[in-house]
Amino acid sequence: MEILEQITIGIDDIFSLVKIFYLVAMMIYLVFAGIVIRQVQMMVEAIGGVLRGPLRLMAWLHFGVALIVFGLALVWL
Amino acid sequence: MAAKGKKGGDAGEAGDSEEVGRERTHLVRKPEEYSEVMRKEPKTRSPWAAFMVRPDGFTFETQDSGERVLLLLRRHGVTNLGWIVAVIVALMLPIVLVFVPMFLWLPENFQVMTVIGWYLAVVGYGFERFLTWYFNVYIITDERIVDYDFYSLLYKRVSEAKIDKVEDVTFELGGASRSFFHYGNVYIQTAGERRELDFEDVPKPEVVVKLLNELVLEEEQEKLEGRVK
């Protein structure tokens, strides 16, 4: 029985590690999404066009979705 | 009142110079007047086009006032096929994994987060590739040729050459895909610091070369006739 409990604790540790891995990956992706916002800003400043507004919006939406997914991972996993 | 075009050393010289200046400005011709390409090619309305003639609402950061953008080029749309197919396949992958279960050992919440994270990453990749295609442009104005290159996140390189520094223009169009979809490379030799500007995979390369030759001729004509802007 004690052996079973030790195995159960071991599996929980593994999933804790997996959760940490997911969270770190999401954080890195959040940083990437933030960089994309800056990248789009730089690009539309260099080259203007009719799609300036929609592309800025898409970049922010992308960041927003990444933030929500990160929050979901934090709470749900 | 001094006669038009008269130059002299008398008291009316300043007024004469202004008259001459205004006359010379009026002698600068519009591109449609000297360029057959500008007359024949229809104006482009679509913001997605890879070959945009006199694009509306388009500006770039180093554009001078009064400088007109004649042609905006991007790589032909068909060059995006590779990553578009990759994105479509990647989006369908989680559906395939239903029949080839690889992540059943994970709890359900982990499986769902994996799928959500996967879709997010694929969308991010597709968006990044689109931005790279959309903003890597080649611009031909009535004064300059400008090449905007965004190599990676937050790194850009802008190369430009004045039309009167252009020495040689060549183009190549070969291969099945390029022949079928009619796109190719244009190589521009200049006398400036950047010896060569390359327009890669642009639509209608022969039209681009023709326009550049017309612009070069017009610059030479302006110099000969003493016309200034």
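Structure: see above.
Procedures and definitions
- Residues numbered from 1 in each chain as written.
- Chains lettered and ligands numbered in written order.
- Predicted model: local features only at pLDDT ≥ 70, side-chain atom pairs only at ≥ 80, totals over all residues.
- Heavy atoms only, no water.
- Helix = DSSP H or I, 4+ residues; strand = E, 2+ residues; numbered from the N terminus.
- Buried < 20%, exposed > 50% of the residue type's maximum accessible area, 1.4 Å probe, protein only.
- Contact = heavy atoms within 4.5 Å.
- Areas by Shrake-Rupley, 256 points an atom, 1.4 Å probe, with all protein chains shown as cover.
- Phe/Tyr/Trp six-rings, centres within 6.5 Å; stacked < 30°, edge-to-face > 60°.
- Lys NZ or Arg CZ within 6 Å of the ring centre and 35° of its normal.
- Axes fitted to C-alpha atoms, helices over the stretch in contact; angles between N-to-C directions.
- Parallel < 35°, antiparallel > 145°, perpendicular 65-115°, else oblique.
- Left-handed = near helix turned anticlockwise from the far one by under 90°.
- Pairing = 2+ DSSP bridges.
- Polar contact = N/O pair within 3.5 Å; in protein donor to acceptor, adjacent residues only side chain to side chain.
- Salt bridge = Lys/Arg side-chain N within 4 Å of Asp/Glu carboxyl O.

A. The arrangement of the overall build of chain A in detail. Along the backbone of chain A there are two helices and zero strands. In chain A, buried positions account for 36% of the 77 residues. Relative to all contacts within chain A whose residues are 6 or more apart in sequence, the contacts with residues 24 or more apart total 74%. Approximately 4800 Å² of chain A is accessible, and the part contributed by carbon and sulfur atoms is 77%.

B. Spatial organisation of the overall build of chain B. When helices and strands are counted, chain B shows seven helices and eight strands. Looking at chain B as a whole, 41% of its 229 residues are labelled buried.

C. View of the packing of aromatic side chains. Scanning the entire structure with this criterion turns up 16 aromatic pairs over all chains. It is arginine 74 of chain B that lies over the ring of tryptophan 133 of chain B; its NZ or CZ is 5.6 Å from the centre.

D. Structural detail: the packing of helix H2 (residues 52-76) of chain A against helix H5 (residues 108-135) of chain B. Where H2 of chain A meets H5 of chain B, the closest approach of the two axes is 11 Å, and the angle between their N-to-C directions is 160°. Classified by the interaxial angle, the pair formed by H2 of chain A and H5 of chain B is roughly antiparallel. Relative to H5 of chain B, H2 of chain A is oriented so that their crossing is left-handed. Contact residues: H2 of chain A offers Leu55, Met58, Ala59, His62, Val65, Ala66, Val69, Leu72, Ala73 and Trp76 of chain A, while H5 of chain B offers Asn109, Val112, Met113, Ile116, Leu120, Gly124, Phe127, Phe130, Leu131, Tyr134 and Phe135 of chain B.

E. Layout of the sheet that holds strand S7 (residues 183-190) of chain B. All names here are of chain B. Reading across the sheet, the three strands line up as S6-S7-S8 and stay open at both edges, with antiparallel pairing between neighbours. Among the strands making up the open sheet, the edge pair consists of strand S6 (166-172) and strand S8 (196-203). Each adjacent strand pair in this sheet contributes to an overall mean axis angle of 15°, direction not counted. Of the strand pairs in this sheet, S6 and S7 are connected by six bridges, and their pairing is antiparallel.

F. Quick peek at the side chain of aspartate 147 of chain B. Residue and element names in this part refer to chain B. Structurally, aspartate 147 is set in strand S4 (residues 144-152). Judged by its relative accessible area of 2%, aspartate 147 falls in the buried class. Filtering out sequence-adjacent residues up to four positions away, aspartate 147 remains in contact with Val137, Tyr138, Arg157, Val158, Ser159, Leu197 and Asp198.

G. Quick look at the side chain of histidine 76 of chain B. Residues and elements named next belong to chain B. In this fold, histidine 76 is placed in the loop between strand S2 (69-73) and helix H4 (81-96). A polar atom in the side chain of histidine 76 sits 3.3 Å from the backbone oxygen of phenylalanine 181. Setting aside chain neighbours within four positions, we find histidine 76 in contact with Ala50, Trp133, Phe181, His182, Tyr183, Asp201 and Pro203.

H. Fine view of the pattern of salt bridges. Residue and element names in this part refer to chain B. For the structure on display, the rule yields 15 salt bridges over all chains. Notably, a salt bridge pairs lysine 40 with glutamate 36, separated by 2.7 Å at the nearest N-O pair. Of the two residues, lysine 40 and glutamate 36 both sit in helix H3 (residues 36-40), four residues apart, roughly one turn of that helix. According to the relative accessible area criterion, lysine 40 is exposed, its value standing at 63%. When the shortest N-O distance is used, the salt bridge between aspartate 201 and arginine 75 registers 3.0 Å. Linking aspartate 201 in strand S8 with arginine 75 in the loop between S2 and H4, this pair joins segments that are 126 residues apart in sequence. What you see here is one network of salt bridges that share partners, running through Arg75, Arg178, Glu200 and Asp201.

I. Up close: the pairing of strand S3 (residues 138-141) of chain B. All names here are of chain B. Burial along S3 is two-sided: the face carrying Tyr138 and Ile140 and the face carrying Ile139 and Thr141 are both buried. Across four bridges, S2 lies against S3 in antiparallel orientation. Each bridged residue has a counterpart across the sheet, and for leucine 71 the counterpart in S3 is isoleucine 140. For S3 and S4, the ladder comprises three bridges, and the chain directions are antiparallel. Residue isoleucine 139 lies in a different strand from S4, and its bridge partner there is valine 146. In sequence, S3 turns back onto S4 through a hairpin of two residues.

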